[in-house]
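Observations on the model geometry
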Amino acid sequence: MSNVKETVLEINLAHLTHNYNYLRSKLKLGVKLLAVVKAAGYGSDAVVMAKHLEKIGADYFAVAYVSEGIALREAGITTQILVLHPQPINFLALINYQLEPSLYSSRVLKEFIAIAETKKQKEYPVHIKLNTGLNRLGFWENDVDDIIDHLNETDSIRIRSLFSHLAASEDHNEKEFTINQINSFKKTASEMIDQLGYTPILHQSNTSGVLNYPKAHFDMVRTGIGLYGYGNETIYDNQLKPVASLKSVISQIHMLEPGETLGYNRAFTADSFTKTATIPIGHADGIGRQYGNKKGFVTIHGKKAYIIGNVCMDMIMIDITDIECKEGDEVIIFDNSSSAAIIAEGAGTISYELLTAISPRVKRIVIDNN
Ligand SMILES: *Cc1c(COP(=O)(O)O)cnc(C)c1O
């Protein structure tokens, strides 16, 4: 792409289409694809992602919070939106914006019914979250009767889907646990369907569920990270294309003599002549302090340059002793060839965290080659 002159996050829509098609190719005909666009579309731009995904055929969207769903509606997104983790205080707004709640406990179910009744709703679409072992959100297997009792008392809501979430679908050592989760979901879902007298959409898989557990596809899958170009495993990463590339420039170059120190708390000491570059991106932009002190690196003209010293709020310093470069040259934090998964791993974290940390202060540039 073009050389950048400041810190930018480039968002490549052709890559999004590629990833979408790849994930689709893993699904049987008729299985719906729900695109997860929470957390600013995994740190990119939720509206840009959702508009493009809506255009290329995503069946459903999910966000974490009601405010994220409202932002999509206000931007003109009309596709159904599941809110994965709503709080009762936002139920009125949720209904006003035609968002669909995940109801994950009796407390939340009761509060939602009360508000739906006040708003005189009939068969408002809701999604029942079942806990099958992640133990994060969701009804337990023995809550089924309680759910049915609540439903029998009202016609204000109707169950649009029953769903659950896998705890370790990317971890092949946890196959047995995952299969137990799939079986537990099947069992609870069929108990509920028997008592409901109708069949909601069933869904359980995230991206790694899509890739590793065809048996867990059911009627719909919920994919987030895969759409953004990461497959949680090298074999899948190689098939996908990172949508976001984080780029910056060299602001200034310094020469350190042996014994000189660099940055806050003098965390780096030069043991020989060291050429350093200062880059306008810091922890306030999403490059956390865990990337400092050679845990993280950037790429300049195809060469690795480690972050030295502590990460500052608005800048990092890197070691360019062996790299031919000058002030104003482009710096890649992550892109196609040096991916966010690789950078994150060096600092003991995962692509999800690095991507979603990129703060609103970083300018987004959309590249649309259509
Ligand atoms: C975030 C999330 C997803 C998406 O997971 P990926 O691993 O990014 O595909 C799916 N389902 C739920 C409940 C989530 O919270």
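Broken down by element type, the protein chain carries 12 helices and 19 strands. Each principal axis of the C-alpha distribution contributes one length, and for the protein chain these read about 75 × 45 × 40 Å. Per-residue burial over the protein chain gives 55% buried out of 370 residues. Sequence separation of 24 or more characterises 65% of the internal contacts of the protein chain that already satisfy a separation of 6 or more. Accessible area of the protein chain: about 16,400 Å², with a carbon and sulfur share of 49%.

Domain parsing of the protein chain yields domain 1 (13-228) and domain 2 (244-367). Relative placement of domain 1 and domain 2: their C-alpha centres are 37 Å apart. Residue-level contacts link nine residues of domain 1 with nine residues of domain 2. Buried surface at the junction of domain 1 and domain 2, summed over both partners, amounts to about 810 Å²; 62% is from carbon and sulfur atoms. Counting the contacts that link domain 1 with domain 2 gives zero salt bridges. Inspection of the domain 1/domain 2 interface yields three residue pairs in polar contact (both at pLDDT 80 or more). Of all elements in the fold, only α1 (13-25) and α2 (38-43) reach the threshold of two or more residues within the side of domain 1 that touches domain 2. When the residues that make up the side of domain 1 that touches domain 2 are grouped by side-chain class, the tally is six nonpolar, three polar and no charged.

Once that is clear, we can look at helix α6 (residues 106-118). Relative to the 18 Å expected for 13 residues at 1.5 Å per residue, α6 spans 18 Å between its end C-alpha atoms, a close match to the ideal helical length. Regarding α6, the residues found buried are S106, V108, L109, F112, I113 and A116. Buried residues of α6 fall within an arc of 160° about the axis and therefore sit on the same side. Immediately downstream of α6, the backbone of K120 shows phi near 55°, a positive value.

With that settled, consider the nonpolar core. Judged by nonpolar contacts, the single largest core of 107 residues is most densely connected at M49, L53, F112, I300, I318 and F334. Domain assignment of the residues forming this core places at least three in each of domain 1 (13-228) and domain 2 (244-367). Not counting the four nearest positions on each side in its chain, M49 is found in contact with I11, L13, L16, V37, G41, S44, Y228 and V243. In this structure, L262, I308, C312 and M317 belong to the second largest nonpolar core, which totals seven residues.

Attention shifts here to the pattern of salt bridges. If charged atoms from side chains of opposite charge come close, those side chains can pair. For the structure on display, the rule yields 10 salt bridges. Salt-bridge contacts for D59 lead to R24; the nearest nitrogen and oxygen are separated by 2.8 Å. Separated by 35 residues along the polypeptide, D59 in the loop between α3 (46-56) and β3 (60-63) and R24 in helix α1 bring together distant segments of the chain. On the basis of relative accessible area, R24 is assigned to the partly exposed category, the value being 24%. One salt bridge connects K187 with E141, and the closest N-O pair in it is separated by 2.6 Å. On the criterion of sequence distance, the pair formed by K187 in helix α8 (residues 175-196) and E141 in the loop between β6 (124-129) and α7 (144-152) is long-range, its members being 46 residues apart. Note on K187: relative accessible area 44%, which makes it partly exposed.

The rules behind the values
Residues numbered from 1 in each chain as written. Predicted model: local features only at pLDDT ≥ 70, side-chain atom pairs only at ≥ 80, totals over all residues. Heavy atoms only, no water. Helix = DSSP H or I, 4+ residues; strand = E, 2+ residues; numbered from the N terminus. Buried < 20%, exposed > 50% of the residue type's maximum accessible area, 1.4 Å probe, protein only. Contact = heavy atoms within 4.5 Å. Areas by Shrake-Rupley, 256 points an atom, 1.4 Å probe, with all protein chains shown as cover. Domains from an automatic or database assignment. Buried area = accessible area lost by both parts, 1.4 Å probe. Salt bridge = Lys/Arg side-chain N within 4 Å of Asp/Glu carboxyl O. Polar contact = N/O pair within 3.5 Å; in protein donor to acceptor, adjacent residues only side chain to side chain. Nonpolar A, V, L, I, M, F, W, Y, C, P; charged D, E, K, R; others polar. Expected span 1.5 Å × (residues − 1). Arc of directions from axis to C-beta. Core = buried A, V, L, I, M, F, W, Y, C linked by side-chain atoms within 4.5 Å.

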